[in-house]
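Spelled out, the chains give:
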Amino acid sequence: MFDILCWSALGYLSGSIPFAFLVGRWLAGADIRRVGDGNPGGTNVWIAGGWRIGLLAVGLEVAKGYLPIALARHAGLSGWSLLPVCMAPILGHATQPFLGFRGGKALGVTGGVWMALLGPVVLFVYASLTLPVLALQTEDAYSALAGMFALLAYVFFLDGTPWLTALAVLNTLLLLYTHRRDLGHPLRLRPWVANLLARRDA
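Computed from a predicted structure; not experimentally measured.

I'd love a proper account of the overall build of the protein, names of residues and values included.
From N to C terminus, the protein includes eleven helices and zero strands. Along the protein, helices and strands appear, N-terminal first, in the series α-α-α-α-α-α-α-α-α-α-α. For the protein, with 202 residues in total, the buried portion stands at 42%. Contacts spanning at least 24 positions in sequence make up 65% of the contacts within the protein whose residues lie at least 6 apart. For the protein, the accessible surface area stands at approximately 10,700 Å², while carbon and sulfur atoms represent 68% of it. Both charge centroids of the protein, one from 14 positive and one from 9 negative side chains, sit 6 Å from each other.

Quick rundown of the environment of V113? Include the residues and the values.
Its location among the elements puts V113 in helix α6 (residues 107-118). The spacing of V113 and P89 is 24 residues in sequence and 8.0 Å in space, taken between C-alpha atoms. Other than its neighbours up to four places away in sequence, V113 contacts G65, Y66, I69, C86, P89 and I90.

Go over the packing of aromatic side chains with me, naming the residues and quoting the values.
Counted by the stated rule, this structure contains one aromatic pair. On the basis of an interplanar angle of 85° and a centroid distance of 4.8 Å, the ring pair of F156 and F157 is categorised as edge-to-face. A residue is classified by how much of its surface remains accessible, and F157, at 64% relative accessible area, is exposed. The ring of Y177 carries R180 above its face, with NZ or CZ at 4.0 Å from the centroid.

Tell me about the environment of G36, and please be specific about residues and values.
Checked against the element boundaries, G36 lands in the loop between α2 (19-27) and α3 (42-49). Using a relative accessible area of 66% as the deciding quantity, one classes G36 as exposed. Separated by 154 residues in sequence, G36 and R190 place their C-alpha atoms 20 Å apart.

So what's going on with the packing of α6 against helix α7 (residues 121-136)? Residues and values would help.
Relative orientation and spacing of two packed helices are given, respectively, by the angle between their axes and the distance between those axes. Running from N to C, α6 and α7 point in directions that differ by 130°, and their axes come no closer than 8 Å. As summarised for this structure, α6 and α7 are arranged oblique, according to the angle between their axes. Where α6 approaches α7, its residues L107, W114, M115 and L118 are matched on the opposing element by V121, V122, L123 and Y126.

How would you explain the nonpolar core if you had to name every residue and give the values?
With 33 residues, the main nonpolar core has L82, V85, C86, W114, L117, W163 and L167 as its most contacted residues. The set of elements that each furnish at least two residues to this core consists of α1 (2-16), α4 (51-74), α5 (82-95), α6, α7, α8 (140-159) and α9 (162-178). What L117 contacts, discounting residues up to four positions off in sequence, is I69, R73, L82, C86, W163, L164 and L167. In this structure, F21, V45, I53 and L99 belong to the second largest nonpolar core, which totals eight residues.

The rules we used
Residues numbered from 1 in each chain as written. Predicted model: local features only at pLDDT ≥ 70, side-chain atom pairs only at ≥ 80, totals over all residues. Heavy atoms only, no water. Helix = DSSP H or I, 4+ residues; strand = E, 2+ residues; numbered from the N terminus. Buried < 20%, exposed > 50% of the residue type's maximum accessible area, 1.4 Å probe, protein only. Contact = heavy atoms within 4.5 Å. Areas by Shrake-Rupley, 256 points an atom, 1.4 Å probe, with all protein chains shown as cover. Lys, Arg positive; Asp, Glu negative; His and termini not counted. Charge placed at Lys NZ, Arg CZ, Asp CG, Glu CD. Phe/Tyr/Trp six-rings, centres within 6.5 Å; stacked < 30°, edge-to-face > 60°. Lys NZ or Arg CZ within 6 Å of the ring centre and 35° of its normal. Axes fitted to C-alpha atoms, helices over the stretch in contact; angles between N-to-C directions. Parallel < 35°, antiparallel > 145°, perpendicular 65-115°, else oblique. Core = buried A, V, L, I, M, F, W, Y, C linked by side-chain atoms within 4.5 Å.

Here it is in C-alpha cells:
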C-alpha cells in the first residue's frame, strides 16, 4: 500500500508540472491561457509558437504521463495496484495546482499513460475513431472523446483485462469532465459533409 501511495504521489506531481505553460512562456513568450481555447496544453503552445515549440510541449506533456507509469511498472507494480498510479498524472494535469487549480484537458498526459501500458498500438487505436470524427465535424472535443471510446472498446473487447477496463472508464469520465464546456457547443459538420447531406435531401 505504501508503494502505491508513493508512486501515486509521484505521478500526481509529474502530471501537475505545467510543461506546456512553461514552454509557452519561455520559448514562445506567451501565456497560453490567453491563446486559443485557453487550455494550458500543447495545442495552444503550437498555436502561439509554431510547430517546433508545440511539438516539444506535446512531447513533454506525453512524457509526464509515460515516465511515472513506466517507472512504477519497472519497480514491480502491476494489475489493480497500477490503477491509482495511472490516474494520478491525469488528475495532476486536470487539476493543475501550480496554475491556481485551473486544469487542462489532460489529453497529452492520457496518451503518455496509455503508451506506458500498451505501447505504440495506442496511437492507432485512438486514431481509428478520432480521425474519422475529426473529418466529419469541427469540434475537437468530440474527436478527442471518440478516440477514448475507441480505446475503451479495444481494452474491453480485445484485451479483456478488468483493471485496464476500469482505468479506461475512469479516464473517459474524467475527459468528459475536462471537455464539458466544449461538448456543450453545437455540432458543426464539415462543409463537404453538409453539402453531401444537402444533395441527398434535394
